[in-house]
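# Residue-level structure breakdown
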Amino acid sequence: MTNRLVLVGPPGAGKGTQAARLSEELGIPHISTGDLFRAHIAQETELGRQVKEYLDSGQLVPDEVTNAMVRERLASPETAEGFLLDGFPRNVGQAEELAKMLSEADQELDAVVELKVDEEELVQRLLARGRNDDTEDVIRRRQQVYRDETAPLLEYYADRLVTIDGQGDIAEVTARVLDALKQRS
Ligand code: AMP
């Protein structure tokens with residue numbers, strides 16, 4: 001079964017929700033760069049202070065900072081048998097760096113799961129969620145960043161991309177992803 005996975009999708013597509021469920025089902029750690037950054041901010045660490053402005057304004061944290069944090073996380077033994085990355089990579093530079101990190105350990109990504117959701121539904125979901133970077137301006141900025149920087153990853157990962165309809169019942173979406181992954185292995 002495939003176990004080195006990346007979850008991609010626009011803000012509001014349900015990445016966090018699905019990543020938590022998939023990580024449980026597949027027995028692999030869920031690594032969310034957004035959650036890691038938010039934990040640093042909450043704990044007022046030096047890294048937290050460095051990244052707060054980027055999260056508040058919906059811009060990407062510089063690659064150097066993000067890549068170093070992921071590299072450290074992937075070096076931990078609990079990711080040796082697999083992992084589910086949620087929110088990383090966010091641009092082609094990060095994807096190239098990830099490929100490098102994995103190849104140093106003779107590994108590569110098994111699949112990249114794209115969650116697809118209509119634009120209108122996305123805005124409704126985000127406004128309902130109410131996280132503190134979920135104001136309308138910041139949502140719009142994050143969507144723009146997704147279109148400009150993250151969407152090119154879909155082409156970059158074309159050879160291992162698994163596109164899933166992210167609309168409808170939460171459990172149903174999880175089942176779709178698991179089915180699609182099973183068919184590939
Ligand atoms: P998320 O929880 O994935 O929606 O991420 C929330 C915010 O964290 C983003 O708007 C960025 O400011 C920052 N962030 C999360 N992941 C990354 C990443 N891979 N590269 C740069 N910034 C990130």
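Numbers given for residues are sequential positions, taken from 1 along each chain in its written order. Under the rules for a predicted model, residues below a pLDDT of 70 receive no local features and side-chain atom pairs below 80 are neither given nor counted, while totals for whole chains, interfaces and linings still include all residues. Heavy atoms throughout the structure, all of them, feed into the side-chain values; hydrogens and water do not.

As a further point, take the side chain of E114. Strands are runs of DSSP state E lasting at least two residues, helices are runs of H or I lasting at least four, and both sets are numbered from the N terminus onward. Relative to the elements of secondary structure, E114 occurs in strand β4 (residues 111-116). Buried residues are those whose accessible area, probed at 1.4 Å on protein chains only, stays under 20% of the maximum for their type, while exposed residues exceed 50% and partly exposed ones sit between those limits. We score Asp and Glu as negative and Lys and Arg as positive, and we do not count His or the chain ends. Whenever Lys or Arg places a side-chain nitrogen within 4 Å of a carboxyl oxygen from Asp or Glu, that contact is recorded as a salt bridge. Of the side chains bearing the opposite charge, K116 lies closest to the buried E114, which forms no salt bridge; the N-O distance is 4.3 Å. Within polar-contact distance, the side chain of E114 engages the side chain of T163 at 2.8 Å. Residue contacts are defined here by distance: any two heavy atoms, one from each residue, within 4.5 Å place the two residues in contact. Apart from residues lying up to four places away in sequence, E114 is in contact with V8, L154, L161, V162, T163 and I164. Contacts described as polar in this section are N or O atom pairs within 3.5 Å, which, within protein, must combine one atom able to donate a hydrogen with one able to accept it, while residues neighboring in sequence count only if both atoms come from side chains.

For Q124, the location among the structural elements is in helix α6 (residues 119-129). Accessibility expressed as a relative area gives 46% for Q124, which makes it partly exposed. For the pair Q124 and E46, spaced 78 residues apart in sequence, the C-alpha to C-alpha distance is 34 Å.

A rise of 1.5 Å per residue sets the reference length of helix α9 (residues 170-184), with its 15 residues, at 21 Å; its end C-alpha atoms lie 22 Å apart and thus fit the reference within 8%. Every buried residue of α9 is accounted for by V173, T174, V177, L178, A180 and L181. The arc that holds every buried residue of α9, seen down its axis, measures 160°, which confines them to one face. Away from the buried face of α9 by more than 90 degrees, exposed residues K182 and Q183 are located. By this rule the span expected of a helix is its residue count minus one, scaled by 1.5 Å. Relevant arc is that of directions from the helix axis to the C-beta atoms, nothing else.

This paragraph deals with the pattern of salt bridges. For the structure shown, the criterion picks out 16 salt bridges. The salt bridge partner of R71 is E97, with a shortest N-O separation of 3.4 Å. Taken as a pair, R71 in helix α4 (residues 63-74) and E97 in helix α5 (residues 92-104) lie far apart in primary sequence, 26 residues in all. The partner of E104 in a salt bridge is R71, and the shortest N-O contact between them spans 3.0 Å. Highlighted residues: E104 in helix α5 and R71 in helix α4, separated in sequence by 33 residues. Look at the salt bridges and you will find they share partners, linking R129, R131, D133, D134 and R142 into a network.

Once that is clear, we can look at the environment of G48. Examined against the element boundaries, G48 turns out to sit in helix α3 (residues 46-57). Along the primary structure G48 and R140 are separated by 92 residues, whereas in three dimensions their C-alpha atoms are 23 Å apart. In this structure G48 touches H40 and I41, once residues within four positions along its chain are discounted.

What follows covers the nonpolar core. For our purposes a nonpolar core is just a set of buried Ala, Val, Leu, Ile, Met, Phe, Trp, Tyr and Cys residues, chained together by side-chain atoms within 4.5 Å. Membership of the largest hydrophobic core comes to 19 residues, with the highest contact counts inside it found for L84, V113, L115, I164 and V177. Looking at this core, the element that brings in the most residues is α9, giving five residues. With 18 residues, the next largest nonpolar core counts V6, L74, A95 and L153 among its residues.

Tracing the backbone shows T150 in helix α7 (residues 136-150). In terms of polar contacts, T150 uses its side chain to reach the backbone carbonyl oxygen of R90, at 2.7 Å. Not counting residues within four places of it along the chain, the set of residues in contact with T150 comprises V8, P89, R90 and V145.

Residues are classed as near a molecule or strand on a simple rule: at least one heavy atom within 4 Å of it. Around the ligand sit 16 residues, and of these T33, R38, Q59, G87 and Q94 come closest. In this structure, an oxygen atom belonging to the ligand sits 2.6 Å away from a main-chain N or O atom of Q59. Here a nitrogen atom of the ligand sits 3.0 Å away from a polar atom, N or O, in the main chain of V61. Residue-level accessible areas treat just the shown protein chains as cover; the underlying method is Shrake-Rupley with a 1.4 Å probe. Within the complex, the protein chains bury 95% of what would otherwise be the 480 Å² of accessible surface of the ligand. When residues of the shell around the ligand are traced back to their parent elements, those giving at least two are α2 (33-42) and α3. At four residues, α2 tops the list of elements feeding residues into the shell around the ligand.

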